[in-house]
Amino acid sequence: MSSKSISNKKSIGVVGMGSFGTAVANILAAKNKVIAYARRAEVVEEINTMHTVDGSKIHEDILGTQDPEYLCKSCDTIFFMVPSAAFQEVIRAFSPFLYPYHMVIHGTKGLCLNLPEGKSLEEVAKISRKNILTMSEVILKETVVIRVGCLAGPNLAKELSAGQPAATVVASRFNEVILEGQRLLRNDKFQVYGNSDIVGVELSGVLKNIIAIASGALAGLGLGENAKGLLISRGMVELVYLGNALGGSLKSFIGLAGIGDLVTTCNSTLSRNYTVGFRLAKGEKLPDILNTMEEVAEGINTVRLMKAFVEGTGMRAPITENLYKVLFEDLKIEEALQYLMKYPFSVDVDFI
Ligand SMILES: NC(=O)C1=CN([C@@H]2O[C@H](COP(=O)(O)OP(=O)(O)OC[C@H]3O[C@@H](n4cnc5c(N)ncnc54)[C@H](OP(=O)(O)O)[C@@H]3O)[C@@H](O)[C@H]2O)C=CC1
Ligand SMILES: O=C(CO)COP(=O)(O)O
């Protein structure tokens, strides 16, 4: 009998069985029973009868459910792994069943817009920090949960699912959340670092997606490694400036969740954000790309929010601003690149 079956310890919850949720559920299931929430009955059925998700084998100790109350009653620690566009709606559905004893850790690399009821981004155009919520801030706003954490780092779901070596950061203001994340996730192939700057770690994962879209675009234009090195280093500077303005600390941006994930995502055809940039550079239009992508590329919405944030604060973020024009105003990628090459950057590193 395994240690899992003889113990009566509680299961671990995973909300959202997309690419990343499934990869994390499999890692968790190696040590604990897992209860996984999926919104569609057919996904729950597939998990419970075939032990697969989208036809791919998953751990047999993962039980599917469509019932937030059952999951919250059965689990003290819950991982939320849904895209930012759905995050508020999903957390609101779970909120009545969440208590201060729960620990919630999310893996979402996106932001939520926080505007007065009925207002849209188009109407306001400029926003400030108070109009932006990270996912940990959404959890704190919508629930009574106190011990909140996030999971971020170079963690391409397909590589994790293939059992390739990788590492992540669990960030929380509460050391017990970091320790619990490490205890649950760490294995011979998955290293787990801790960080108390949760907002900085969240922002690292969010902001690197902008640069990943740009990196895919450079690759789509057929440009080489010199151009990519230039983009990654100037992208890092932009990430630091935007991240600082949003309340994160430099130490997080130059760590695994920042530079680590930036390098991974800017170099991988497995990245959805990179793929969006690549396809744009090959001449496809954004609506056509979005219509044919099954998974989420969080960077597109992040570019919209950061463009409005930059307008609201008077900051400059040349890569983000030009990418906005490429994505939403039909600026040619070659023209954006020309503009950036003429931009009067003069100091190499001025943030340390
Ligand atoms: N994939 C990756 O390599 C990594 C992803 N991330 C981050 O993880 C987050 C999720 O990404 P990923 O798993 O790839 O995304 P996917 O598109 O693969 O999956 C999203 C999941 O969320 C579910 N979902 C969407 N909307 C709702 C809703 N309104 N209510 C309930 N469930 C919903 C989907 O359910 P349904 O199937 O029914 O649509 C699906 O299970 C993103 O923020 C991403 O940036 C972080 C690290 C790595
Ligand atoms: O964040 C990721 C890997 O760490 C996944 O990136 P994409 O969302 O671009 O696929």
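Residues numbered from 1 in each chain as written. Chains lettered and ligands numbered in written order. Predicted model: local features only at pLDDT ≥ 70, side-chain atom pairs only at ≥ 80, totals over all residues.

- For the protein chain, the name recorded in an unreviewed UniProt entry is Glycerol-3-phosphate dehydrogenase [NAD(P)+], with Mongoliibacter ruber as its organism.
- Taken from UniProt, the Pathway (unreviewed entry) comment for the protein chain reads in full: "Membrane lipid metabolism; glycerophospholipid metabolism."
- Under the heading Sequence similarities (unreviewed entry), UniProt records this for the protein chain: "Belongs to the NAD-dependent glycerol-3-phosphate dehydrogenase family." (UniProt positions renumbered as here; feature names shortened; annotations may be inferred.)

**Regarding the site of ligand 1**
Now for step 1: Not every one of the 26 residues close to ligand 1 is listed here, only the nearest: Gly18, Phe20, Ala86, Lys109 and Ala157.
Now for step 2: Those elements giving two or more residues to the shell around ligand 1 turn out to be helix 2 (19-29) and helix 5 (84-94).
Now for step 3: Considering every element that reaches the shell around ligand 1, the biggest residue donor is helix 5, with four residues.
Now for step 4: Of the residues belonging to the shell around ligand 1, the class tally is 11 nonpolar, nine polar and six charged.
Now for step 5: Mapped onto the domain boundaries, the shell around ligand 1 takes at least three residues apiece from domain 1 (3-199) and domain 2 (203-342). (Near = placed C-beta within 6 Å. Helix = DSSP H or I, 4+ residues; strand = E, 2+ residues; numbered from the N terminus. Nonpolar A, V, L, I, M, F, W, Y, C, P; charged D, E, K, R; others polar. Domains from an automatic or database assignment.)

**Quick look at the UniProt feature "binding site: sn-glycerol 3-phosphate" (unreviewed entry) in the protein chain**
Now for step 1: Under the UniProt annotation, the feature "binding site: sn-glycerol 3-phosphate" (unreviewed entry) is placed at Lys109, Gly153, Lys208, Asp261, Ser271, Arg272 and Asn273.
Now for step 2: Examined against the element boundaries, Lys208 turns out to sit in helix 10 (residues 198-220).
Now for step 3: By the C-beta count within 10 Å, which is 33 here, Lys208 ends up buried.
Now for step 4: Setting aside its immediate chain neighbours within four residues, Lys208 contacts Leu239, Gly258, Asp261, Leu262 and Thr265.
Now for step 5: One can find Asn273 in helix 14 (residues 272-281). (Buried ≥ 20, exposed ≤ 12 C-beta atoms within 10 Å, placed from the backbone. Contact = placed C-beta atoms within 7 Å.)

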